[in-house]
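Observations on the model geometry
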Amino acid sequence: MAAAFCDQCGRSAEAGGHVRCAVRRELEPPRYCAECARRMVVQVTPMGWTARCSRHGEIFSPEGVC
Ligand SMILES: [Zn+2]
Ligand SMILES: [Zn+2]
């Protein structure tokens, strides 16, 4: 399923102009839920990060990030 919103800037993923977002995405956890664009509660952990949407639940940093 394609994301509806950019998880870095919270705008529509189809709007374009997310090149910088994609670069930042490599380094930083998401800030907005890709499904509803709500602001997510982000917690940085020793293993990476977790980001929680009040509606869609928690997502975790991809494995292999070190
Ligand atoms: Zn973006
Ligand atoms: Zn959500």
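Since the structure is predicted, the reported quantities are computational estimates derived from the model, not experimental observations.

Turning to the coordination of the zinc ion (ligand 1), a few remarks are in order. Looking at the zinc ion (ligand 1), one finds its protein donor set to be Cys6 (SG), Cys9 (SG), His18 (ND1) and Cys21 (SG), positioned 2.0 to 2.4 Å from the metal centre. For the zinc ion (ligand 1), the four donor atoms are set out with angles of 104 to 116° between them, so the coordination reads as tetrahedral.

Here three strands make up an open sheet; going across it, the order is S1-S2-S3 and the pairing antiparallel. Bordering the open sheet on either side are strand S1 (41-45) and strand S3 (57-60), each of which pairs with just one other strand. Averaged over all neighbouring strand pairs, the angle between strand axes comes to 20°, with direction disregarded. Relative to strand S2 (residues 48-53), S1 runs antiparallel, the two sharing five bridges. Note on S2: the bridge partner recorded for Val44 is Trp49.

Okay, the coordination of the zinc ion (ligand 2) next. For a metal with four tetrahedral donors the ideal donor-metal-donor angle is 109.5 degrees, while six octahedral donors give ideal angles of 90 or 180 degrees. For the zinc ion (ligand 2), the full set of protein donor atoms is Cys33 (SG), Cys36 (SG), Cys53 (SG) and His56 (ND1), at a range of 1.9 to 2.3 Å. Of note is the zinc ion (ligand 2), whose four donor atoms meet at the metal with angles of 102 to 115° in an arrangement that counts as tetrahedral. Each donor residue of the zinc ion (ligand 2) belongs to the same chain, and together they define the spacing C-x2-C-x16-C-x2-H.

Time to look at the side chain of His18. Within the secondary structure layout, His18 lies in the segment before helix H1 (19-27). Judged by relative accessible area, His18 falls into the buried class, the value being 16%. Filtering out sequence-adjacent residues up to four positions away, His18 remains in contact with Cys6, Cys9, Arg11, Ser12 and Ala13.

This part is about the pairing of S3. Pairing geometry for S2 and S3, over four bridges, is antiparallel. When the bridges of S3 are listed, Ala51 appears paired with Ile59. Counting the residues between successive antiparallel strands, the hairpin from S2 to S3 contains three residues.

Calculation criteria
Residues numbered from 1 in each chain as written. Chains lettered and ligands numbered in written order. Predicted model: local features only at pLDDT ≥ 70, side-chain atom pairs only at ≥ 80, totals over all residues. Heavy atoms only, no water. Donors = N, O, S within 2.8 Å, 3.2 Å for Na, K, Ca; no water. Tetrahedral: all angles 85-135°; square planar, octahedral: opposite > 155°, others 65-115°. Pairing = 2+ DSSP bridges. Helix = DSSP H or I, 4+ residues; strand = E, 2+ residues; numbered from the N terminus. Axes fitted to C-alpha atoms, helices over the stretch in contact; angles between N-to-C directions. Buried < 20%, exposed > 50% of the residue type's maximum accessible area, 1.4 Å probe, protein only. Contact = heavy atoms within 4.5 Å.

As far as function goes, none of this settles anything; it's purely spatial.
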